[in-house]
Amino acid sequence: MSGSQPTHGYFRPMPRRQLLAAGIAGLVVISLPRRALSRPSLEEAIRIFTGGAEVLDGRVRLELPPLVENGNAVGVTVTAESPMTATDHVRRIGVFNEKNPEANVAVFHLGPRSGRAQVSTRIRLATSQTVVAVAEMSDGSFWSSRASAIVTLAACIEDLT
Amino acid sequence: MRILCGVAAIFVVLTCHIAAADGIEDEDRRSGFDFMAPETRALQSDDTSNPGMLWVLQGEQLWQQAEGQAEIACSGCHGDASRTMHGVAARYPAYDEATGRPIDLAGRINSCRATRQRAEPLAPESDALLALTTYVAHQSRGMRVMPAADPRLAPFRENGRRLFQSRIGQLDLSCASCHDDNWGKRLGGAPIPQAHPNGYPLYRLEWQAVGSLQRRLRNCMIGVRAEPFAFGAPELVDLELYLTERGSGLPIETPAVRP
Amino acid sequence: MTARALISVPKTAMRGEIVEIRAMTAHPMETGYRTGLNGTNIPRNIIRRFACTYDGEEVFSADLFPAISANPFIAFTLIATTSGTIEFVWTDDDGKTQTASADITVT
């Protein structure tokens with residue numbers, strides 16, 4: 001993890017001179033946005049997670065700062081209401097985003113030994129967008145919560161290529 | 001009377017201007033920490049969440065690792081860093097007798113490698129050099145920046161001040177244009193801080209890693225579309241030296257977190 | 001490469017108490033969507049899975065994607081059941097692992 005070399009942002013427009021370049025370099029440039037565009041939508045990603053089951057609003061709280069200084073590390077906390085007993089607990093918590101190159105962020109596997117259904121992590125947000133957390137309960141029901149963040153960009157970034 | 005008042009006002013404006021031209025008033029001096037969002041502050045303030053602590057941890061291991069032909073570790077000479085390195089970062093850059101120039105902490109570590117350990121120098125911004133520098137600087141966390149008083153440093157500090165105030169690059173901006181004259185205002189969405197050195201090496205969210213003050217200075221030079229000085233260039237060390245005086249009294253935060 | 005993982009586990013806890021666990025490891029979490037200085041793609045290299053075992057049983061895990069920040073940080077909770085070792089494993093795209101552990105005394 002050398003700090004010095006790769007300096008580009010997570011998801012950024014292609015530099016103009018690359019767009020102008022012909023041949024293989026050009027193909028790479030074209031293939032990247034296509035790969036990003038071909039990602040499943042937020043709703044599709046959630047459907048894959050739930051296997052098509054209905055997702056209800058509530059029982060889940062997603063905490064996300066509304067205004068983000070740098071999209072490279074955004075603290076999120078997901079809490080689900082559950083007694084977390086052997087017969088009634090949260091099995092999985094999935095976190096999904098709307099506009100990154102991939103819709104999945106993380107899937108957490110919990111159980112009765114978790115005590116509380118609460119996880120925190122730090123995520124990347126390529127741009128201002130919506131994030132959704134979905135909890136799968138041990139009875140097979142799915143509950144969700146969504147939040148939006150505005151990602152500001154620093155004026156003085158290292159990489160100007 | 002009116003004329004007198006006018007003259008007095010101009011005098012006040014002028015003296016204020018002269019004072020401001022030389023940096024920031026003592027009572028206005030604020031760490032970059034104060035300009036950050038609460039979430040970013042929280043990230044720095046808790047060692048179990050501060051990612052810079054990963055470099056401190058690595059530095060602690062490297063401190064005890066024998067290196068070079070001499071097969072000696074930093075700890076072989078300097079022992080317990082929490083005791084022997086306490087306060088060192090607060091007074092660096094220091095005067096280096098061997099070169100007759102100021103030397104910064106990373107430079108000192110590499111000079112120690114060459115002369116004591118007889119080992120290859122660590123590359124600028126390599127994880128190992130950053131980890132050792134961060135570990136050493138961390139031993140002074142909470143202490144005040146206290147620039148070295150050695151009079152032989154004066155001409156180099158003066159050169160640092162000159163560089164800080166010189167307009168460079170296609171944007172024709174000096175460091176002072178932003179950080180003396182316009183701190184506290186916003187550039188795009190981001191507040192302009194006062195450009196103090198008290199958190200370095202620090203974890204920058206933009207870098208997704210720990211980096212040195214020299215990396216940040218080069219970063220700024222690229223920002224104004226100037227050709228940056230090479231890592232280790234005397235000009236960068238002179239700038240570091242001036243920044244230490246300019247930020248004197250601020251607490252060392254290493255490893256700080258910045259956006 | 002030296003081991004670089006920071007974990008936070010309380011040294012002691014009451015039986016049945018819910019304790020907070022924090023785990024962070026040094027890793028670039030390279031997304032595979034970035035280009036290097038010469039315009040070439042930087043290949044993807046991320047931690048794919050994080051798992052926590054307590055007294056030999058897996059009690060928490062996470063599947064991670066490129067949207068997880070560099071030097072991944074995860075905080076979660078566990079019920080303190082018995083004195084023993086809490087172990088952490090991070091597994092990357094190539095199957096390489098980084099491990100860490102901490103002991104907890106439960107009274």
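Keep in mind the model is a prediction, meaning the values are calculated, not measured. (Residues numbered from 1 in each chain as written. Chains lettered and ligands numbered in written order. Predicted model: local features only at pLDDT ≥ 70, side-chain atom pairs only at ≥ 80, totals over all residues. Heavy atoms only, no water.)

## Here's the deal with the pairing of strand β5 (residues 90-97) of chain A
All names here are of chain A. The element β5 is largely enclosed, with a buried count of six among its eight residues. Relative to strand β8 (residues 129-137), β5 runs antiparallel, the two sharing seven bridges. The partner of Val95 across the bridge, within β8, is Ala133. What sits between β5 and strand β6 (residues 104-109) in their antiparallel hairpin is a turn of six residues. (Buried < 20%, exposed > 50% of the residue type's maximum accessible area, 1.4 Å probe, protein only. Helix = DSSP H or I, 4+ residues; strand = E, 2+ residues; numbered from the N terminus. Pairing = 2+ DSSP bridges.)

## Here's the deal with the layout of surface pockets
The probe, sized like a water molecule, is rolled over the atoms to show the empty space still left. As a volume, the second largest pocket reaches approximately 730 Å³. Lining the second largest pocket are 37 residues, and of these Asp104, Leu105, Ala106, Gly107 and Glu240 of chain B lie nearest its centre. (1 Å grid on protein atoms, 1.4 Å probe; cavity = no way out; pocket = protein on both sides within 12 Å on 5 of 7 lines; lining within 4 Å. Points joined across faces, edges and corners; volume = space filled by probe spheres on them.)

## Some details on empty space enclosed by the protein
Enumeration over the complete set of coordinates arrives at two cavities of 30 Å³ or more. Each pocket or cavity is described by its volume, and for the largest cavity that value is around 60 Å³. What lines the largest cavity is simply Asn72, Ala73 and Arg122 of chain A, Pro51, Tyr203, Leu205 and Gln208 of chain B together with Ser69 and Ala70 of chain C. Considered class by class, the residues forming the lining of the largest cavity number five nonpolar, three polar and one charged. (Nonpolar A, V, L, I, M, F, W, Y, C, P; charged D, E, K, R; others polar.)

## Here's the deal with the UniProt feature "binding site: substrate" (unreviewed entry) in chain B
Residues and elements named next belong to chain B. In the numbering used here, UniProt assigns the "binding site: substrate" (unreviewed entry) feature to Arg216. For Arg216, the location among the structural elements is in helix α10 (residues 213-223). In this structure Arg216 comes out as buried when scored by relative accessible area, which is 16%. (UniProt positions renumbered as here; feature names shortened; annotations may be inferred.)

## Let's talk about the interface of chain B and chain C
If you look at the interface, chain B gives 16 residues, while chain C gives 14 residues. Across the chain B to chain C interface the summed buried area is about 1,200 Å²; carbon plus sulfur atoms make up 54%. The tally of links between chain B and chain C comes to two salt bridges. For the interface between chain B and chain C, the tally reads six residue pairs in polar contact (both at pLDDT 80 or more). With six residues, helix α3 (residues 53-63) of chain B is the largest single contributor of residues to the side of chain B that touches chain C. (Contact = heavy atoms within 4.5 Å. Buried area = accessible area lost by both parts, 1.4 Å probe. Salt bridge = Lys/Arg side-chain N within 4 Å of Asp/Glu carboxyl O. Polar contact = N/O pair within 3.5 Å; in protein donor to acceptor, adjacent residues only side chain to side chain.)

## Remarks on the sheet that holds strand β7 (residues 257-258) of chain B
Residues and elements named next belong to chain B. The three strands lie next to each other as β6-β5-β7, forming an open sheet whose pairing is mixed. Strands at the two margins of the open sheet, each flanked by one partner only, are β6 (209-211) and β7. Pairing between strand β5 (residues 202-204) and β6: three bridges, direction antiparallel. Bridge pairing in β6 links Leu202 to Gly211.

## Describing the nonpolar core
Residues Phe108 of chain A together with Phe50, Phe60, Phe76, Leu78, Ile86 and Phe88 of chain C are the most contacted members of the largest nonpolar core, which totals 57 residues. Excluding residues within four positions of it along the chain, Phe60 of chain C makes contact with Phe108, His109, Leu110 and Val119 of chain A together with Phe50, Ala51, Cys52, Ile74 and Phe76 of chain C. In terms of nonpolar packing, the next biggest core, distinct from the first, is built from 38 residues, Leu122, Leu129 and Ala137 of chain B together with Ala70 of chain C among them. (Core = buried A, V, L, I, M, F, W, Y, C linked by side-chain atoms within 4.5 Å.)

## Digging into α10 of chain B
Residue and element names in this part refer to chain B. Counting buried residues in α10 gives nine out of 11 residues, a clear majority hidden from the surface. Considered for burial, the residues of α10 that qualify are Leu213, Gln214, Arg215, Arg216, Leu217, Arg218, Asn219, Met221 and Gly223. Turning to α10, the residues buried within the fold contact β5, β6 and α11 (234-246). Here α10 starts with a cap whose side-chain oxygen sits 3.3 Å from the backbone nitrogen of Gln214, and that cap is Ser212. After α10 finishes, the residue Arg225 shows a positive phi value of roughly 60 degrees.

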